[in-house]
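Now for the letters of each chain:
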Amino acid sequence: TQLLEQSPQFLSIQEGENLTVYCNSSSVFSSLQWYRQEPGEGPVLLVTVVTGGEVKKLKRLTFQFGDARKDSSLHITAAQPGDTGLYLCAGAAGAQKLVFGQGTRLTINP
Amino acid sequence: DTAVSQTPKYLVTQMGNDKSIKCEQNLGHDTMYWYKQDSKKFLKIMFSYNNKELIINETVPNRFSPKSPDKAHLNLHINSLELGDSAVYFCASSQSRDGYTFGSGTRLTVV
């Protein structure tokens, strides 16, 4: 069974600070995706990384895929209250199946 | 236009009842899914259909029966509901290796 461990599970910081969320596994994934989920809504795709070592930027968010394609990180610069939400990583485990991490609940305090 | 729509949004029912959740996508995607999100927000795949054919069934009890009348629809029927079935159920769709598009979820409460 392929598992994804996210850390931290909960993170509360002040507006303007930087943060990093980690997504780790002992398994290799063909691609890895990051989603953000708001209360009462479904997860919304932020980014897909495919190549080992790949780095993608989305405004203040930087996503990195590990060289061995077993782990990923999400770094947010100068966090804002609007970044508050549940962040989920998900690995493509073949046969059109995504395996999700347990999520990181991020709270940015004004 | 809603890309993946599922109904109802909320469902409260008694133990032992049978209920259905409907899902439709207008994205032209070939693959549709049902995921269950528990109280700790962990998302776990239940079923995956590609062009109306079942390709993934993740050790879900037989009381859960998905049906895909065409590739734009994937419904979930649940027989003899149990307290442990209470959760949020998400429908999603995807095309090839692209990311998933999720519906807004159905919160099922079994009392």
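Q: How would you explain the side chain of D83 of chain A if you had to name every residue and give the values?
A: Topologically, D83 of chain A is positioned in the loop between β8 (71–76) and β9 (85–92). In contact with D83 of chain A, not counting residues within four places along its chain, are R36, R60, I76, L106 and I108 of chain A.

Q: Give me the lowdown on the sheet that holds strand β3 (residues 19–24) of chain A, citing residues and values where you can.
A: Residues and elements named next belong to chain A. Strands sit in the order β1-β3-β8-β7-β6 across an open sheet of five strands; the sheet is antiparallel. At either margin of the open sheet sits one strand with a lone partner, and together these are β1 (5–7) and β6 (55–58). Within the sheet, the average angular offset between the axes of one strand and its neighbour, ignoring direction, is 15 degrees. Note that strand β7 (residues 61–65) and β8 share five bridges and pair antiparallel. Pairing of F63 across the sheet is with L74, part of β8.

Q: Please provide a residue-by-residue account of unusual backbone geometry, values included.
A: Cis geometry is found at the peptide bond from S7 of chain A to P8 of chain A, where omega equals -10 degrees. On the secondary structure map, P8 of chain A appears in the loop between β1 and β2 (10–14). In this structure, A78 of chain A is a non-glycine residue whose phi angle is positive, near 50 degrees. Inspection of the secondary structure assignment puts A78 of chain A in the loop between β8 and β9. For A78 of chain A, a relative accessible area of 30% corresponds to the partly exposed category. A positive phi is found at K52 of chain B, a non-glycine position, where the angle reads about 75 degrees. Its location among the elements puts K52 of chain B in the loop between β5 (43–50) and β6 (53–57). With relative accessibility at 46%, the residue K52 of chain B sits in the partly exposed group.

Q: Please give an account of the environment of V44 of chain A that cites residues and values.
A: Residue and element names in this part refer to chain A. Among the structural elements, V44 can be located in strand β5 (residues 44–49). For the pair V44 and Y87, spaced 43 residues apart in sequence, the C-alpha to C-alpha distance is 9.5 Å. For V44, the contacting residues outside a window of four places in its chain are W34, Y35 and R36.

Q: Tell me about the interface of chain A and chain B, residues and numbers included.
A: Interfaces are often described in size by the accessible area the parts lose on coming together. Taken together, the contact between chain A and chain B spans 22 residues of the former and 23 residues of the latter. Interface area for chain A against chain B, summed over the two sides, is near 1600 Å², with a carbon-plus-sulfur share of 52%. With a closest N to O distance of 3.1 Å, E58 of chain B and K97 of chain A form a salt bridge. On inspection of chain A and its partner chain B, the count reaches six residue pairs in polar contact (both at pLDDT 80 or more). Elements supplying a minimum of two residues to the side of chain A that touches chain B: β4 (32–37), β5, β9 and β10 (98–100) of chain A. Per-element tally for the side of chain A that touches chain B: the top contributor is β4 of chain A, with three residues.

Q: Give me the lowdown on the pattern of salt bridges, citing residues and values where you can.
A: On inspection of all chains with the given rule, the structure shows seven salt bridges over all chains. For R60 of chain A, the salt bridge identified is with D83 of chain A, shortest N-O distance 2.9 Å. Of this pair, R60 of chain A sits in the loop between β6 and β7 while D83 of chain A sits in the loop between β8 and β9, placing them 23 residues apart in sequence. Assessed through its relative accessible area of 5%, D83 of chain A is described here as buried. For K71 of chain B, the salt bridge goes to D30 of chain B, with nearest N and O atoms at 2.7 Å. Taken together, the positions of K71 of chain B in the loop between β7 (64–70) and β8 (73–78) and D30 of chain B in the loop between β3 (19–25) and β4 (31–37) put the pair 41 residues apart, joining distant regions of the chain. We classify K71 of chain B as partly exposed; its relative accessible area is 33%.

Cut-off values and rules
- Residues numbered from 1 in each chain as written.
- Chains lettered and ligands numbered in written order.
- Predicted model: local features only at pLDDT ≥ 70, side-chain atom pairs only at ≥ 80, totals over all residues.
- Heavy atoms only, no water.
- Helix = DSSP H or I, 4+ residues; strand = E, 2+ residues; numbered from the N terminus.
- Contact = heavy atoms within 4.5 Å.
- Pairing = 2+ DSSP bridges.
- Axes fitted to C-alpha atoms, helices over the stretch in contact; angles between N-to-C directions.
- Buried < 20%, exposed > 50% of the residue type's maximum accessible area, 1.4 Å probe, protein only.
- Buried area = accessible area lost by both parts, 1.4 Å probe.
- Salt bridge = Lys/Arg side-chain N within 4 Å of Asp/Glu carboxyl O.
- Polar contact = N/O pair within 3.5 Å; in protein donor to acceptor, adjacent residues only side chain to side chain.

Everything listed here is a matter of geometry and, on its own, says nothing about what the molecule does.
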